[in-house]
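# Commentary on secondary and tertiary structure
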Amino acid sequence: MGFLNKLFGNTTKEEEKMTNSKLKIGIILGSTRQGRVSPQVGEWVKGIADKRGDADYEIVDIADFKLPFLGEGTGQEPGLAAWNEKLDSLDGFVFVVQEYNHSITGALKNALDSARDAWYNKAAGIVSYGSTGGARAAEHLRGILGELKVADVRTHPTLSLFTDFENGSVFKPQDLHQTNMTAMLDEVIAWSGALKTLR
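Scoring rules and cut-offs
- Residues numbered from 1 in each chain as written.
- Predicted model: local features only at pLDDT ≥ 70, side-chain atom pairs only at ≥ 80, totals over all residues.
- Heavy atoms only, no water.
- Axes fitted to C-alpha atoms, helices over the stretch in contact; angles between N-to-C directions.
- Helix = DSSP H or I, 4+ residues; strand = E, 2+ residues; numbered from the N terminus.
- Parallel < 35°, antiparallel > 145°, perpendicular 65-115°, else oblique.
- Left-handed = near helix turned anticlockwise from the far one by under 90°.
- Contact = heavy atoms within 4.5 Å.
- Nonpolar A, V, L, I, M, F, W, Y, C, P; charged D, E, K, R; others polar.
- Salt bridge = Lys/Arg side-chain N within 4 Å of Asp/Glu carboxyl O.
- Buried < 20%, exposed > 50% of the residue type's maximum accessible area, 1.4 Å probe, protein only.
- Pairing = 2+ DSSP bridges.
- Right-handed = clockwise from strand over helix to strand, strands pointing away.

The geometry of helix α3 (residues 38–50) relative to helix α7 (residues 177–196) is characterised by a closest axis approach of 11 Å and an angle of 65° between their N-to-C directions. Taken as axis vectors, α3 and α7 run roughly perpendicular relative to one another. Between α3 and α7 the crossing geometry is right-handed. Here α3 contributes Trp-44, Val-45, Ile-48 and Ala-49 to the contact with α7, which in turn contributes His-177, Gln-178, Met-181 and Leu-185. By residue class, the composition of the contact of α3 with α7 is six nonpolar, two polar and no charged.

Next up, the structure:
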């Protein structure tokens, strides 16, 4: 019946609501350490994204949820429930990823492991930084996202600690990253919209 309705231009109220409502994309800050620069990168991503007007973008800071390490808490911590509720409310993600010892941070891995169904059938883009642009951390993240049924998009802005940060602490991105950011967000929006139909 849904197929016939689409074929002949008849849509249900639920389908209209899904079509007309803006996608919600969370920009997830992947570090909790003192002195981190991820909030600067996250604000840059959000500034570019907000100008597009194609979705509602919000910064989601895992530090705000005070997640216990997986298996160490009672499972009843308020942060766990709030984390899952926040992820559940989102249609897609942009991960701001730092490279530590060739991988993602322990805090981000724990946050990924602290939810399951809330990740399923959603899309994600990755913005990474490090001495090699955070490329190795991003590759590790892609494997984890696959297990969580998150479709990661191909285009991937990589930021260098040597050329995009002053003294390693003040974020000053080169203009060339704007092109990759735009392309990555295009892909995240397209895939998030497509995958929403599966949920």
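Moving on, we come to the pattern of salt bridges. All chains considered together, the criterion is met by 13 salt bridges. Between Lys-46 and Asp-50 there is a salt bridge, and its shortest N-O distance comes to 2.7 Å. A residue pair is termed a helical-turn pair when its members lie 3 or 4 positions apart in one helix, as Lys-46 and Asp-50 do in helix α3 at four residues. Among the residues examined, Lys-46 registers a relative accessible area of 22% and is labelled partly exposed. Measuring nitrogen to oxygen at the nearest pair gives 2.8 Å for the salt bridge that ties Asp-54 to Arg-52. The network of salt bridges with common partners includes Arg-52, Asp-54 and Asp-186.

We now examine the pairing of strand β4 (residues 122–130). In terms of burial, β4 is largely enclosed, as nine of its nine residues are buried. Residue alternation in β4 divides its side chains into two sets, Lys-122, Ala-124, Ile-126, Ser-128 and Gly-130 and Ala-123, Gly-125, Val-127 and Tyr-129, and both sets are buried. As paired strands, strand β3 (residues 92–98) and β4 are joined by seven bridges and run parallel to one another. In the strand pairing of β4, Phe-95 is matched with Ile-126. Crossover β3 to β4 through helix α5 (residues 106–113) is right-handed. By the bridge criterion, three bridges tie β4 to strand β5 (residues 150–152) in an arrangement that is parallel. When the sheet's bridge partners are listed, Ala-123 is paired in β5 with Ala-151. This β-α-β element, β4 to helix α6 (residues 135–147) to β5, shows right-handed connectivity. Across three bridges, the pairing between β4 and strand β6 (residues 158–160) is parallel.

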